[in-house]
Amino acid sequence: MAGVRKLRLSEKIIYLFERLHLFKGAFIFSSMLKIGVTGTFCAGKDTIARYLESKNFIHISLSDVIRDEARTRGLAITRDNLQLLGNSLRNQEGAAVLAKRAIDRMDQNTKLYVITSIRNPLEVKELAKTKQFVLISVDAPATLRFERLMKRTERKESDPTTFEDFLASEQREMVSSNSTSQNIRSCMTMARFHLSNEGTFEELYKQLDNLLPLIETAASYQRPSWDEYFMDIVQTVGKRGTCDRGRSGSIIVKSKRIMATGYVGAPPGMVHCDDVGHWFKKTIHEDGSITQHCIRTVHAEANAIAQAARYGISVDGATLYCKMEPCLDCTKLLISAGIRRIVCDKRYHGATESREMLEEAGIILDVLHDELEQYPGQKG
């Protein structure tokens, strides 16, 4: 696969050594996972990547994206050239260009990826858009990292030869006020998990093995959409209902802010069905069927409109969230109040006329689950 870094001979030797420890603390991944690795110069980013490769991760380095571009342009592969070219690409194509090119190299059928050389916050944000992405950082004392650099049998792209040059080169990567330049320090602050690589390979691997289950859990978490978020609140509001035939809740939202809430119950000052029982009246329908309804309670949607009116809150242009499609009476209230969108968890068996009226009024009706809400005593 293009962009997957080939190992040097010395790295292959280290890689073989690392594989001896592969099955210690083994962890089976159950879903797609992308682990981004950022960190300071010589802190162990490639060591982490190689260890994850031994666990079937595919390694993509954003530096390799720059190297490929440098070769295309006929540039010498030096650290300074790569820094300048990377910044130039970000200026020309946006700060997330390297991440976008890396994403283009990913195979959707491949479950596990490790991405290294992440040096700009917008690269982190771009990779996070792919979902199942978690960023980790690694660091170690500067003197230890310089010692590791000096012990490399094969040096990279004109690596610095003095500690002063090492610190100066690193500083150019760590912090920048330019949004398109390298800013590793900001990337490290965005990491979900942090590793300290001050010891042996074994100690670093142990940290990783302990971290991998937490990383997968973090990656699998899906933040709820706004509709899911508000519908969860509807369910909580409905628990305040005082009529056990419904316990429905409703909220009115404008600009992602809750303006009013309502739940099924008797008007203020009246007794509750839960305390004295229902106040039933029978209704004879056109088809001859008979149903009975509790006339004591006010529907959740109507109570939300009443609450907004009572406290002088405009709901014009707002969205109403409710348990099921509104009845005809509530539908007319919602139209009159200026509600422009209604989001329901489920369908309501008696909502045919409500749907027709909402369509005529140009109000959006979204039902999250296309199934009928079931409750005791409903008309078939």
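Residues numbered from 1 in each chain as written. Predicted model: local features only at pLDDT ≥ 70, side-chain atom pairs only at ≥ 80, totals over all residues. Heavy atoms only, no water.

Undergrad: I keep staring at the pattern of salt bridges and nothing clicks. Help me out?
TA: Oppositely charged side chains may form a pair once their charged atoms are brought near each other. Enumeration according to the criterion identifies 21 salt bridges in this entry. Of the charged contacts in the structure, one is a salt bridge between Asp329 and Lys332, with a shortest N-O distance of 3.8 Å. Taken as a pair, Asp329 and Lys332 lie in helix 14 (residues 328–337) at a separation of three residues, close to a single helical turn. Judged by its relative accessible area of 40%, Lys332 falls in the partly exposed class. Each of Glu69, Arg73, Glu93 and Arg101 takes part in salt bridges that share partners, so that together they form one network. (Salt bridge = Lys/Arg side-chain N within 4 Å of Asp/Glu carboxyl O. Helix = DSSP H or I, 4+ residues; strand = E, 2+ residues; numbered from the N terminus. Buried < 20%, exposed > 50% of the residue type's maximum accessible area, 1.4 Å probe, protein only.)

Undergrad: It is not clear to me how the confidence of the model for the protein chain should be interpreted in this structure. Could you clarify?
TA: Close reading of the predicted structure is inappropriate where its pLDDT is low. The share of residues in the protein chain with pLDDT of 70 or more is 89%, and the mean pLDDT across the chain is 86. Mean pLDDT across the elements of the protein chain bottoms out in helix 1 (residues 9–19) (46) and peaks in strand 6 (residues 249–254) (97). The low-confidence segment residues 1–7 (pLDDT under 50) makes 23 contacts with residues lying over four places distant or belonging to another chain. Counting interchain partners and residues more than four positions distant, the pLDDT-below-50 stretch residues 12–25 has 25 contacts. (pLDDT = per-residue confidence, 0-100. Contact = heavy atoms within 4.5 Å.)

Undergrad: Could you clarify how one ought to interpret the pairing of strand 9 (residues 290–294) in this entry?
TA: Residues in a regular strand project their side chains so that they alternate between the two faces of the sheet. Relative to strand 9, strand 8 (residues 280–284) is paired through five bridges, and the arrangement is antiparallel. Paired with Ile284 across the strands is Ile290, a residue of strand 9. A loop of five residues connects strand 8 with strand 9, the two strands running antiparallel in sequence, and Gly288 in this loop sits at a positive phi of about 90 degrees. (Pairing = 2+ DSSP bridges.)

Undergrad: Could you clarify how one ought to interpret the pairing of strand 12 (residues 364–367) in this entry?
TA: Note that strand 11 (residues 341–346) and strand 12 share four bridges and pair parallel. Directly across from Val343, in strand 12, lies its bridge partner Asp366. Between strand 11 and its parallel partner strand 12, the chain crosses via helix 15 (residues 352–361), and the hand of that crossover is right-handed. (Right-handed = clockwise from strand over helix to strand, strands pointing away.)

Undergrad: Got a minute to help me understand the side chain of Thr40 in this structure?
TA: Looking at the element boundaries, Thr40 is found in the loop between strand 1 (33–39) and helix 2 (45–53). Under the relative-accessibility criterion, Thr40 is labelled buried at 1%. Setting aside residues no more than four positions away along its own chain, Thr40 makes contact with Lys45, Val138, Asp139, Ala140, Arg145, Glu170, Met174 and Met188.

Undergrad: Any chance you could explain the packing of aromatic side chains here in plain terms?
TA: Using the criterion set out here, one finds 10 aromatic pairs in the structure. Each ring, one from Phe163 and one from Phe166, has its centre 6.2 Å from the other, and the planes form 15 degrees; the classification is stacked. Remark: Phe166 and Phe163 occur in helix 8 (residues 163–174); sequence separation between them is three residues, near one turn of the helix. For the ring pair Trp226 and Tyr229, a centre distance of 5.7 Å and an interplane angle of 80 degrees mean the geometry is edge-to-face. On the criterion of helical spacing, the pair formed by Trp226 and Tyr229 is a turn pair, its members being three residues apart in helix 11 (residues 226–238). Taken together, Phe41, Phe146, Phe163 and Phe166 form an aromatic cluster joined through their ring pairs. (Phe/Tyr/Trp six-rings, centres within 6.5 Å; stacked < 30°, edge-to-face > 60°.)

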